[in-house]
Structure formats: structure tokens, C-alpha cells
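Structural description and commentary
Single-letter residue listing:
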Amino acid sequence: MANDAATVIGFIGLGVMGGPMCRNMALKHAGEVIAFDMNADAFQALEGTKARRVGTLADVAAQADVVFLSLPGGPQVEQVCLGPQGLTAGARRPAVIVDLSTTTVESARRVGERLAALDVAFADAPVARTREAAQRGELSLMVGASEALFARIEPLLRYIGSDVTRCGELGCGQVVKLINNALVFEHTMALAEMMVIGERAGVQPGVLLDAVSKGSGDSFVLRNHGRKAMLPRQFPDKSFPPEYALKDIGYMLELAAQVGTTAHVTELAQRYYTATARQGWGGRYFPAVIELIDRNLGPAPAAIGHGA
């Protein structure tokens, strides 16, 4: 399919990650690429490419064979796929819809079942790594799909990802993505705590990170979130804020409850990022949790039940 110039790709959602992903598809795909976003400014990400802007979801459905989604969450995915103005509302429907968003596992499977009844194939393929990786086309994609559907879409996913892993059937991509994100949030919180303790005990944070990176405590979080955000204490707006972390943590706790597991570490992370958002770092890059720890503000009180 990757070399099939007759295959028209549709892309919906040109945000922080979606913009560069669509750009890579437009630069690498032999066939036509059409794009839709409600924000007109979002199309700046596609300047200099052959990607063509369309005005409605109906326009995408009428022309695209395979549609990729990069949306805020499950409700938006369900509305775009199955809503009254969505991709399956008209006479012509895409053959395949691939969701690159992060949603609940239950939502992915529910949408997939409803699309299957309409003869539309569906895969969940959430992405990991940074915006810079998205720009380079070097994301990691975790895919939930049948073996046949995965074989069909993998060449297209290679436009945006250097690592594309089939994790199992529909919904399994979201399982792995939620686990990945929970581990990042939890490790960031733990690293922040250790950086504060180390500095108060006389070790400069930069020295601490250098030394630990040479030992078994090294990690992606240390080399990226630790060095690039927590060490210089730079937590810009329009990055991944604690509110987004809380959404994914809520999804993870929902999944844990569904499989009968109590996720105590994840619950603690939920409390810490809730406090980060409430104590003045809402909308800022989520490693700002170190500021909360440095001020001894502590996590938010434990909530009754699960969810962010």
C-alpha cells in the first residue's frame, strides 16, 4: 500500500503531534494526501507539501481510502468516526480508519466494533516520543489490529514512525501506550524527588544526573525530562501539561480497575500531578512537578475512587 499512488490518505487533527505526522505523510506518500482541522492556522504545518486542505469531515470521507486521526481523546474519536457529521455518515466511507490518539481501551474497542458493522476497518495506533521525533518521522507506534490489517497499514505508519510494533488485537495499542505514559509520569515524579533530595544533601543536580546516567539508574526520562526541563527548571506553555498527564493517568486507572488491579503508584502520580496543576503550574510542562516537591507542597489528597 505504501507505494500505491492510487491510495488517498486523509489526516484529521493537525495539532502538536498531528501536524508533523501529516507533514511526513505528505512528503513521503506517492499518492494524494488531504487534511482537515477546525483551526485554520494548523495548516501552516503543511506548507511546502502537496497536502491539500479540505473543509469538512464529509470531504475527507468522500475522497480518502485510509484516514488517520490525531485527536484529543476518545469522545472526539467517536464523534469524528460515528457522529452525524462524521466519517461514516455519508454514502462513501473510508476503507480504513487508524487512530493515532490516546484513548481508553474500552473506547477503542467500542468504536472498532461499531465501525466493523459498517464495513470500515479500524486500528488503534497511539504514538510515543516527542514532538521533535514526530518532526523527524521517528515516533514509536503501538498498534492494536488484526494481523491482516496491520500488514496493510504498516507501510503507511512507517512514514511517521521508526518503530512500529503490533501489540495485539484491537485495543492493545492503547494498553501499551497507557502503560508507557504511566511509567513516564511516575518516573518523572520519582526523579524529581531524588533531584531535590540530592541537591539538599550537597550534590549539584547536573552532577547527579551525569553520575546516575553512567549507572543502572539511567533512563529516557533522566536524559530528556531530567536534563532538558527539570535541570534548567524550564517548563514552557504549549507542551504536555499536567492536565494531559492526568487524562492519561485516569485512563490507566480505569484500565487497572477493569482488570482487577490496584495501581497504587499510579494513584500517587495522579495526586502529585493534580497538585501540580492546582498549585500554579497548570498548563505548563508536566515535569514542573519538581517545583511542587521542592516546595514541600506534597500531593493532593487521595480521591475516592479512580479517575483524573
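Scope of this entry: the structure provided in the associated data block. (Residues numbered from 1 in each chain as written. Predicted model: local features only at pLDDT ≥ 70, side-chain atom pairs only at ≥ 80, totals over all residues. Heavy atoms only, no water.)

**Structural notes on the overall build of the chain**
Formally: Labels follow the DSSP assignment, with helices taken as runs of H or I lasting at least four residues and strands as runs of E lasting at least two, numbered in each case from the N terminus. The globule rule used here is 2.2 Å times the number of residues to the 0.38 power, and the radius of gyration it is set against is calculated over C-alpha atoms. Working definition: with a 1.4 Å probe on protein chains only, accessible area under 20% of the residue-type maximum means buried, over 50% means exposed, and in between means partly exposed. Only heavy atoms matter for contacts: two residues are in contact if any of them lie within 4.5 Å across the pair. A 1.4 Å probe and the Shrake-Rupley method give the accessible areas. Residues count as covered only by the protein chains that appear here. Positive charges are assigned to Lys and Arg, negative charges to Asp and Glu, while His and the chain termini are left out of the count. Think of each charge as sitting on NZ of Lys, CZ of Arg, CG of Asp or CD of Glu.
What the chain contains, in helices and strands, is 12 helices and 9 strands. In terms of overall dimensions, the chain is globule-like: its C-alpha atoms have a radius of gyration of 20 Å, near the 19 Å expected for 308 residues. Along the three orthogonal principal directions, the C-alpha set of the chain runs to about 65 × 45 × 35 Å. A total of 308 residues make up the chain; the buried ones form 51% of that total. Sequence-distant contacts in the chain: of pairs separated by 6 or more residues, those separated by 24 or more amount to 68%. Working note: accessible area of the chain is about 13700 Å², and carbon and sulfur atoms make up 53% of it. In the chain, 29 positive and 31 negative side-chain charges are present, and the distance between their average locations comes to 3 Å.

**Structural notes on the side chain of Gln 174**
Examined against the element boundaries, Gln 174 turns out to sit in helix α7 (residues 172-200). Residue Gln 174 is classed as buried on the basis of its relative accessible area, which comes to 0%. Beyond its immediate stretch of four places on either side in the chain, Gln 174 contacts Asp 99, Ser 101, Thr 102, Thr 103, Thr 104, Val 105, Ala 108, Asp 124 and Pro 126.

**Quick word on the packing of α7 against helix α10 (residues 242-258)**
So the rule is basically this: Orientation is described by axes fitted as lines to C-alpha atoms, over the contacting stretch for helices, and by angles from 0 to 180 degrees between their N-to-C directions. An angle below 35 degrees is treated as roughly parallel, one above 145 as roughly antiparallel, one from 65 to 115 as roughly perpendicular, and anything else as oblique. The handedness criterion is simple: a crossing whose near helix is rotated anticlockwise from the far helix by less than a right angle is left-handed, and one whose near helix is rotated clockwise is right-handed. Nonpolar residues are Ala, Val, Leu, Ile, Met, Phe, Trp, Tyr, Cys and Pro. Charged residues are Asp, Glu, Lys and Arg, and all others, Gly as well, are polar.
Running from N to C, α7 and α10 cross one another at 120°; their axes reach a closest spacing of 9 Å. The angle between the axes of α7 and α10 places the two elements in the oblique class. As α7 packs across α10, the resulting crossing turns out to be left-handed. Facing Val 175, Leu 178, Ile 179, Asn 181, Ala 182 and Phe 185 of α7, the residues of α10 in contact are Ala 245, Asp 248, Ile 249, Tyr 251, Met 252 and Leu 255. Across the contact of α7 with α10, the residue classes break down as 10 nonpolar, 1 polar and 1 charged.

**Examining unusual backbone geometry**
In this structure, Arg 129 is a non-glycine residue whose phi angle is positive, near 95°. Within the element layout of this structure, Arg 129 appears in the loop between β7 (127-128) and α5 (131-136). By relative accessible area, which is 39% here, Arg 129 ends up partly exposed. A positive phi angle, near 55°, is found at Asn 296, a position not held by glycine.

**Some remarks on the environment of Met 142**
Relative to the elements of secondary structure, Met 142 occurs in strand β8 (residues 139-144). Judged by relative accessible area, which is 7%, Met 142 ranks as buried. Met 142 sits 76 residues away from Val 66 along the chain, and the two C-alpha atoms are 18 Å apart. Setting aside chain neighbours within four positions, we find Met 142 in contact with Asp 124, Ala 125, Pro 126, Val 127, Ala 128, Thr 165, Cys 167, Gly 173, Val 176 and Lys 177.

**So, the packing of helix α3 (residues 74-82) against helix α4 (residues 105-116)**
Packed helices, taken two at a time, are described by their axes: the angle between them and the distance between them. At a closest axis distance of 10 Å, the pairing of α3 and α4 adopts a crossing angle of 5°. In terms of their interaxial angle, α3 and α4 are classed as roughly parallel. Where α3 abuts α4, its residues Gly 74, Glu 78, Cys 81 and Leu 82 lie against Ser 107, Arg 110, Val 111, Arg 114 and Leu 115. Class assignment of the residues belonging to the contact of α3 with α4 gives a composition of 4 nonpolar, 2 polar and 3 charged.

**Considerations on the pairing of strand β6 (residues 121-124)**
On a regular strand, each side chain points to the face opposite its neighbour's, so the side chains alternate between the two faces of the sheet. For the record, the criterion: Any two strands with at least two DSSP-identified bridges between them are counted as paired.
Here 4 bridges tie strand β5 (residues 96-99) to β6, and the two strands are oriented parallel to one another. Looking at the pairing, Val 98 lines up with Ala 123 of β6.

**Concerning the packing of aromatic side chains**
Just so we agree on the cut-off: Aromatic rings from Phe, Tyr and Trp, taking only the six-membered ring of Trp, are treated as a pair when their centres fall within 6.5 Å; an angle between ring planes under 30 degrees marks them as stacked, one over 60 as edge-to-face, and anything in between as tilted.
Inspection of every chain in the model, using the stated rule, returns 8 aromatic pairs. Between Phe 240 and Phe 286, the aromatic rings sit 6.0 Å apart at their centres with planes inclined by 80°, giving edge-to-face as the arrangement. Placement of the pair is Phe 240 in the loop between α9 (220-230) and α10 and Phe 286 in the loop between α11 (264-281) and α12 (289-294), with a sequence separation of 46 residues. Between the aromatic rings of Tyr 285 and Phe 286, the centroid separation amounts to 5.4 Å while the plane-to-plane angle is 75°, which identifies the pairing as edge-to-face. With respect to burial, Tyr 285 and Phe 286 carry one shared label: buried. An aromatic cluster is built from Phe 185, Phe 240, Tyr 244, Tyr 273, Tyr 285 and Phe 286, whose rings are joined through pairwise contacts.

**Comments concerning the side chain of Thr 49**
We count it as follows: Whenever two N or O atoms come within 3.5 Å, that pair is a polar contact, provided that in protein one can donate a hydrogen and the other can accept it, and provided that, for residues adjacent in sequence, both atoms are side-chain atoms.
Mapping Thr 49 onto the fold places it in the loop between β2 (33-36) and β3 (52-53). In this structure the side chain of Thr 49 is engaged in a polar contact, spanning 2.7 Å, whose partner is the backbone oxygen of Leu 46. Apart from the residues lying within four places of it in its own chain, the contact partners of Thr 49 are Arg 23, Ala 26 and Leu 27.

**Digging into the pattern of salt bridges**
Threshold: What makes a salt bridge here is a side-chain nitrogen of Lys or Arg within 4 Å of a carboxyl oxygen of Asp or Glu, nothing more.
By the definition in use, this model includes 16 salt bridges. The closest approach of N and O atoms between Arg 284 and Asp 237, which form a salt bridge, is 3.9 Å. One end of the pair, Arg 284, is in the loop between α11 and α12; the other, Asp 237, is in the loop between α9 and α10, and 47 residues separate them in sequence. Judged by its relative accessible area of 29%, Arg 284 falls in the partly exposed class. Among the charged side chains, a network of salt bridges with common partners joins Arg 200, Arg 233, Glu 291, Asp 294 and Arg 295.

**Observations regarding the state of the cysteines**
To keep it simple, the criterion reads: To count as a disulfide, a pair of cysteine sulfur atoms needs to be within 2.5 Å.
In total, this model carries 0 disulfides according to the counting rule given. Here Cys 81 stays free of any disulfide, with the sulfur of Cys 22 as its closest cysteine sulfur at 16 Å. Just so you know, Cys 172 is unpaired, no disulfide at all, and the nearest cysteine sulfur is the one on Cys 167, 7.3 Å from it.

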